[in-house]
Amino acid sequence: MPTKKTAKRKSEPIVEDEGEPKKVKVSHRSHGKEAGQVLVLGQGEVGQLGLGEDIFERKKPALVSLPEKIVQVMAGGMHTVCLSETGHVYTFGCNDEGALGRATPEEGSVVPGKVTLEEKVVQVSAGDSHTAALTEDGKVYMWGTFRDSNGGIGLLEPMMNSTLPIKVPVTEPVVKIASGNDHIVMVTLEGNLYTSGNAQQGQLGRVSERFSDRGGRKGLSRLLVPQIVEVKGKVHFIDAFCGAYLTFALSKDGHVYGFGLANYHQLGTGSTKISFTPVKLTCFKNSTTSWVDFSGGEHHTVCLDAEGQVYSLGRAEYGRLGLGQDAEEKSEPTPVMGMEPASGVTCGATVSYAVTREGSVYAWGMGTNLQLGTGEEDDEWSPVKMTGKQLENRAVLMASSGGQHTALLVKDKQES
């Protein structure tokens, strides 16, 4: 799930007036990324650390060797995706279902390799077994597969994964993509939301409970072919974010909508019932500020307001809410204290991170996979500032966390 470098709203894409259909040019600046280097930590038994065939664990952040400067890094379930400042995509990790988008030996790659895409990419997203790329002219390409509780369901065609990038059939120019574990959300220039993938937990926002298990009589095409999420009244969406099994979307008028899994109140509806259609989330309505970032793990959500304050809600076990050892499940966004103002938030399955405006990264939650950067396997119930030799004299730009590993985008601090 992507994080932003600044808490300001991203700029509108450039629209070129060249007749019909409209052409859109989405730039790196639209997604607020600076160029830097990639650090990784945690467990990497299938190569998702990208550190070569002898290194499968890192207690502290380690530098990944890449041929170009990177503007975005995304950690999938067991793979990692890097976007370079020139618009190239590099991947490493598990490839048994095509998530790397390129041919690799056996089941994956322990070092970064380039994905062949003819067009310039400006944003990437990654789930458990899929990867997506948004090009500067608003097209989306995907590779890998979606899965549900019974196994693989395919990517764009039923039961068919794709080991190479394939174009997603969306007729409108796309300006933002976001991936959950097994679904993708696309925000278009016209302000619509398109979704595709697994629907069992309501995360597509357009498939009723009756058809959520593999699409009912219409089959998987109902789920895999991207379709618009319908909302009562005319709603113009400007941004979207994913948790593992849920989706948040921001409207132009400042409202937050959500749909998907809510079994630990992580959706903020006040209920633990799955929402199969979008719900306007009143718990996020705050007249004094606006919401700029959301990220979700399996059972919790972390969010950020424009003032830089981090909040969390959902399941409290293992410290993933960052609210202290006595914290209980939260049904509304609750302030996470002990950090400077943040510029972005991200979650792994049972871990959480906040990147501060000054370039530090704080981590909390389950320590089992060494993803927190403390060097220990202990759980952390409150935010802990990450340290390490590779973080010295570097500012953190963004963080992303997968099933067992975490990736950071960093840049060298200017000499005073």
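Residues numbered from 1 in each chain as written. Predicted model: local features only at pLDDT ≥ 70, side-chain atom pairs only at ≥ 80, totals over all residues. Heavy atoms only, no water.

What about the packing of aromatic side chains?
- If you walk through the whole model with that rule in mind, you get 8 aromatic pairs.
- Ring centres of F237 and Y257 lie 5.5 Å apart, and the angle between their planes is 80°; this geometry places the pair in the edge-to-face category. Remark: Y257 occurs in strand β21 (residues 256-260) and F237 occurs in strand β19 (residues 237-242); sequence separation between them is 20 residues. For the pair F237 and Y257, one class covers both residues: buried.
- With 6.1 Å between their ring centres and 40° between their planes, W291 and F294 make a pair best called tilted.
- Members of the aromatic cluster, connected to one another through ring pairs, are F241, F248, F284, W291, F294 and Y311.
- The positively charged end of K176 is found above the aromatic ring belonging to F241, 4.4 Å away from the centroid.
- When the ring centre of F211 is taken as origin, the NZ or CZ atom of R222, which lies over that ring, is 3.8 Å away. (Phe/Tyr/Trp six-rings, centres within 6.5 Å; stacked < 30°, edge-to-face > 60°. Helix = DSSP H or I, 4+ residues; strand = E, 2+ residues; numbered from the N terminus. Buried < 20%, exposed > 50% of the residue type's maximum accessible area, 1.4 Å probe, protein only. Lys NZ or Arg CZ within 6 Å of the ring centre and 35° of its normal.)

Points about the sheet that holds strand β26 (residues 330-335)
- Spatial ordering of the open sheet is given by β23-β24-β25-β26, a layout of 4 strands whose pairing is antiparallel. Of all strands in the sheet, those bounded by a partner on one side alone are β23 (291-296) and β26. The average undirected angle you get between the axes of adjacent strands in this sheet is 20°.
- Looking at chain direction, β23 and strand β24 (residues 300-305) are connected through 5 bridges and run antiparallel. Each bridged residue has a counterpart across the sheet, and for F294 the counterpart in β24 is C303. (Pairing = 2+ DSSP bridges. Axes fitted to C-alpha atoms, helices over the stretch in contact; angles between N-to-C directions.)

Considerations on the confidence of the model for the protein
- Per-residue pLDDT for the protein has a mean of 92; in total, 91% of the residues score no lower than 70.
- Of the regions scoring below 50 in pLDDT, residues 1-21 engages in 71 contacts with residues more than four places distant in sequence or in other chains. (pLDDT = per-residue confidence, 0-100. Contact = heavy atoms within 4.5 Å.)

Thoughts on unusual backbone geometry
- At H265, a position not held by glycine, the phi torsion is positive, near 65°.
- Exposure remark for H265: the relative accessible area of 19% places this residue in the buried category.
- One non-glycine residue, L370, lies in positive phi territory at about 65°.
- Along the chain, L370 turns up in the loop between β29 (361-365) and β30 (380-385).

Describing the environment of R315
- Tracing the backbone through its elements, the reader meets R315 in the loop between β25 (310-314) and β26.
- Remark: the alpha-carbon pair of R315 and T301, spanning 14 residues in sequence, is separated by 8.6 Å.
- Leave out the neighbours within four places in its chain, and R315 touches Y264, H299, H300, R320, L321 and E329.
- Polar side-chain contacts of R315 include one of 3.1 Å to the side chain of E317. (Polar contact = N/O pair within 3.5 Å; in protein donor to acceptor, adjacent residues only side chain to side chain.)

Here's the deal with the layout of surface pockets
- When its volume is computed, the largest pocket comes out at roughly 420 Å³.
- What lines the largest pocket is a set of 28 residues, and nearest its centre among them are G76, G77, D128, N181 and G403.
- Residue composition of the lining of the largest pocket, by class: 10 nonpolar, 14 polar and 4 charged. (1 Å grid on protein atoms, 1.4 Å probe; cavity = no way out; pocket = protein on both sides within 12 Å on 5 of 7 lines; lining within 4 Å. Points joined across faces, edges and corners; volume = space filled by probe spheres on them. Nonpolar A, V, L, I, M, F, W, Y, C, P; charged D, E, K, R; others polar.)

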